[in-house]
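Listed here are the chains, written in short residue letters.
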Amino acid sequence: MTLAPAARHPRGLTTLFLTEMWERFSYYGMRAILVLAMVAAVEGRNPGLGLSKDVAAAVYGLYTTGVYLASLPGGWIADRLLGLRNAVFYGGCLIAIGHFTMALPGNASFFVGLIFIALGTGLLKPNISAMVGELYPEGGARRDAGFSIFYMSINIGSFFGQILCGYLGENVGWHYGFGAAGVFMSLGLVLYKLTGERLGDIGLLPSTSGDAALDARRRRQGWAFVSGGVGVIAAAALAAIAGLLLIDPIAMSAATGVLIVIVAALYFGSVLLFGGLDATERKRVLAIIVLFAGNAVFFSGFEQAGSSFNLFAKDYTDRVVFGWEVPASWLQSINPMFVILLAPFFAALWVNLGRRNLNPSVPVKFGLGLVQVSLGFLVLFFASQYVVAGEKVAPTWLLLTYLFHTTGELCLSPVGLSAVTKLAPRRYVGQMMGTWFMATSLGHLIAGLLAGHLADDSNVAAVPDRFLFVFMTTIGAGLLMLLVSKPVGRLMGDVR
């Protein structure tokens, strides 16, 4: 691989930056209007699905959970069958198909499209992040800075996706917003192919054991397993469309949460006991488990943006500016706007602190991230006092909440991505990135269930107490992470 001069970043980062930017444009652009489309009345100028808020929030949670839960098999498929490079491309193709399917009229196409997007993101998301890690074999603060730059691409795409898809969805038609997401995902795939040579040989081939016959047998078994899994998903989808399988999203969310915890425990247990790890690798995997838990708690609060915060903007926020009502989905673009502004500062901060041997450890950064996301809910606790009094609140309340969530995100999320690539045993990098996103999926699932309570307008007087409960839970988790930061740091060894 050809690298740029030492003071700069590898040229391949540009390829991955642009691919991720357009994929996130499509993902967050669609997400901005997803709950709004589900709760919109089935009749009227812009008809939706007419679901109740708790059911819509549960569906939202299941979808976002599926997006990240699919990352574990997605990482495995890349490691064993496709290689990182092909997994990213084929995942992007499935995502584009999903968005275009959602652009078609009908409830069936809406939910089938969500399945395509979830499967495609599971292939793309963990593996493109793993390739960013491969660009920096030397590790260190420079890799952290590279991940912070890469993370900014997510938010550039998110900002413009929510603006364009949000406007089209709310003011023209929900299906136009979904279709626009598919167009820009397709653009990202074209750019990925045109500039792929910048990545050199990174991710071209799956991992091998050195035994050609053994590898061939494993590939046959792997493809048989993948085919069976796709068949089960397709059969379940067809049964649901035909009315033969009735799905309760709220009950399914609760059951899925238990399943994720069990799967995570079995996976980590199998790697620790039967993965052939040495003592150092085993300690580092234990550190990943702690970060897994912190990541799940963080995203259970952070991911309210697309659900309860979105509904809070729609129902309780005064969005009229100069006689024109700003789309509710546009307020979600505040978070990526803050990331665009603050990500360069945080990237430089970690590098400069690292030069002075003052860079906080990864678990300390996680603790700071959790504390800050909790403060966002404290802000809405105070804002909801006005809602109880029957008033609509100024957008500045959500703006301040998103500011706290953004600074918390920049302490935790890009740092966590980088830490997992450094802590994971090399032969398990793709799978460990999958576990990182599985933790995110658990957080999203909890967020969906929580959002149904936070957005419930049948008892508006209880809204402040709900926000206060989330504040107390998340700040408690943050303080606990700070307390255990030193022993977790020892498990990480020389990884910083």
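Asks: Which parts of the structure should I look at to understand unusual backbone geometry?
Replies: It is generally the case that most residues other than glycine have a negative phi and that most peptide bonds are trans. Notably, F322 is not glycine yet its phi reads approximately 50°, a positive angle. By the element assignment, F322 lies in the loop between strand 1 (320-321) and strand 2 (324-325). In this structure, N357 is a non-glycine residue whose phi angle is positive, near 60°. The topology assignment puts N357 in the loop between helix 12 (334-355) and helix 13 (362-388). Judged by its relative accessible area of 72%, N357 is exposed.

Asks: In this structure, what is going on with a nonpolar patch on the surface? I would like to understand it.
Replies: Where nonpolar side chains cluster on the molecular surface, the patch consists of Y167, V172, Y176 and W324 and spans about 420 Å² of accessible area. You can see V172 is positioned in the loop between helix 6 (140-171) and helix 7 (174-194).

Asks: Explanation requested: the side chain of Q304 in the structure shown.
Replies: Counting through the fold element by element, Q304 comes out in the loop between helix 10 (279-302) and helix 11 (308-316). With a relative accessible area of 0%, Q304 lands in the buried category.

Asks: When you look at the packing of helix 2 (residues 53-69) against helix 9 (residues 249-274) in this model, what are you seeing that I'm missing?
Replies: Helix packing for two helices is described by the angle between their axes and how far apart those axes are. The N-to-C vectors of helix 2 and helix 9 enclose an angle of 30°; their axes lie 8 Å apart at closest approach. It follows that helix 2 is roughly parallel to helix 9 by the angle criterion. Relative to helix 9, helix 2 is oriented so that their crossing is left-handed. Where helix 2 approaches helix 9, its residues D54, V55, A58, V59, L62, T65 and L69 are matched on the opposing element by P249, I250, M252, S253, T256 and I260. Across the contact of helix 2 with helix 9, the residue classes tally to 9 nonpolar, 3 polar and 1 charged.

Asks: Sorry, what's going on with the nonpolar core here?
Replies: The nonpolar side chains of a soluble globular protein tend to be buried, and buried together. Core analysis: the largest hydrophobic core is formed by 138 residues, its most contacted members being L16, M30, L34, M38, M432 and F467. Among the elements that take part in this core, helix 1 (residues 12-39) stands out by supplying 16 residues, more than any other.

Asks: What exactly am I supposed to notice about the environment of A37 here?
Replies: Topologically, A37 is positioned in helix 1. The sequence separation of A37 and W174 amounts to 137 residues, and the corresponding C-alpha distance is 6.3 Å. In this structure A37 touches G48, L49, W174 and F178, once residues within four positions along its chain are discounted.

Asks: In this structure, what is going on with the state of the cysteines? I would like to understand it.
Replies: Any covalent bond linking the sulfur atoms of two cysteines counts as a disulfide. Following the criterion strictly, the structure yields 0 disulfides and no others. Note on C165: no disulfide assigned, nearest cysteine sulfur contributed by C93 at a separation of 19 Å. Exposure remark for C165: the relative accessible area of 0% places this residue in the buried category.

Asks: It is not clear to me how helix 14 (residues 396-423) should be interpreted in this structure. Could you clarify?
Replies: Given 3.6 residues to a turn, an α-helix orients residues that are three or four positions apart in the same direction. Between its first and last C-alpha atoms helix 14 spans 40 Å; for 28 residues at 1.5 Å apiece the expected length is 40 Å, and the two agree. Of all bends in helix 14, the biggest is about 35°, found at E409. Within helix 14, 22 of the 28 residues are buried, leaving the element largely enclosed by the surrounding structure.

Asks: How should I be thinking about the pattern of salt bridges in this particular structure?
Replies: Any two side chains of opposite charge can pair, given that their charged atoms come close. Across all of its chains, the model carries 8 salt bridges by this definition. Across the pair E303 and R31 runs a salt bridge whose closest N-O atoms are separated by 2.6 Å. Of the two residues, E303 is situated in the loop between helix 10 and helix 11 and R31 in helix 1; the sequence distance between them amounts to 272 residues. For the residue pair E303 and R31, the accessibility class agrees, reading buried in each case. Where R319 meets E325, a salt bridge forms, and the shortest distance between an N and an O atom there is 3.5 Å. Residue R319 is classed as buried on the basis of its relative accessible area, which comes to 8%. Here E325 falls in the partly exposed class, since its relative accessible area comes to 43%. Look at the salt bridges and you will find they share partners, linking K53, K314 and D315 into a network.

Asks: Looking at this structure, I do not really get the environment of T15. What am I missing?
Replies: By the secondary structure assignment, T15 is in helix 1. The class for T15 is buried, based on a relative accessible area of 1%. Sequence separation of T15 and G354 is 339 residues, and the distance between their C-alpha atoms is 27 Å. Those residues in contact with T15 that sit more than four places away from it in its chain are Y192, T195, R198 and L199.

Asks: Is there a simple way to think about helix 17 (residues 485-492) in this case?
Replies: Regarding helix 17, the residues found buried are S485, V488, G489 and M492. One side of helix 17 holds all its buried residues, which, seen down the axis, span an arc of 105°. Among the exposed residues of helix 17, those oriented more than 90 degrees off its buried face are K486 and R490. Contacts made by the buried residues of helix 17 are with helix 10, helix 13, helix 14 and helix 16 (463-483). The first or second residue beyond helix 17 is G493, which carries a positive phi of 70°.

Asks: Which parts of the structure should I look at to understand a positive patch on the surface?
Replies: A grouping of R80, R217, R218, R219 and R220 is seen on the molecular surface, where their side chains present a positively charged patch. Per-element accounting of the positive patch gives the leading share, 4 residues, to helix 8 (residues 212-241). With respect to the helices and strands, R219 occurs in helix 8. Under the relative-accessibility criterion, R219 is labelled partly exposed at 33%.

Rules used in this analysis
Residues numbered from 1 in each chain as written. Predicted model: local features only at pLDDT ≥ 70, side-chain atom pairs only at ≥ 80, totals over all residues. Heavy atoms only, no water. Helix = DSSP H or I, 4+ residues; strand = E, 2+ residues; numbered from the N terminus. Buried < 20%, exposed > 50% of the residue type's maximum accessible area, 1.4 Å probe, protein only. Patch = residues over 30% accessible without salt bridge, like charges linked within 9 Å, V, L, I, M, F, W, Y side chains within 5 Å. Areas by Shrake-Rupley, 256 points an atom, 1.4 Å probe, with all protein chains shown as cover. Salt bridge = Lys/Arg side-chain N within 4 Å of Asp/Glu carboxyl O. Axes fitted to C-alpha atoms, helices over the stretch in contact; angles between N-to-C directions. Parallel < 35°, antiparallel > 145°, perpendicular 65-115°, else oblique. Left-handed = near helix turned anticlockwise from the far one by under 90°. Contact = heavy atoms within 4.5 Å. Nonpolar A, V, L, I, M, F, W, Y, C, P; charged D, E, K, R; others polar. Core = buried A, V, L, I, M, F, W, Y, C linked by side-chain atoms within 4.5 Å. Disulfide = S-S within 2.5 Å. Expected span 1.5 Å × (residues − 1). Bend = angle between axes of the 7 residues up to and from the residue. Arc of directions from axis to C-beta. Lys, Arg positive; Asp, Glu negative; His and termini not counted. Charge placed at Lys NZ, Arg CZ, Asp CG, Glu CD.

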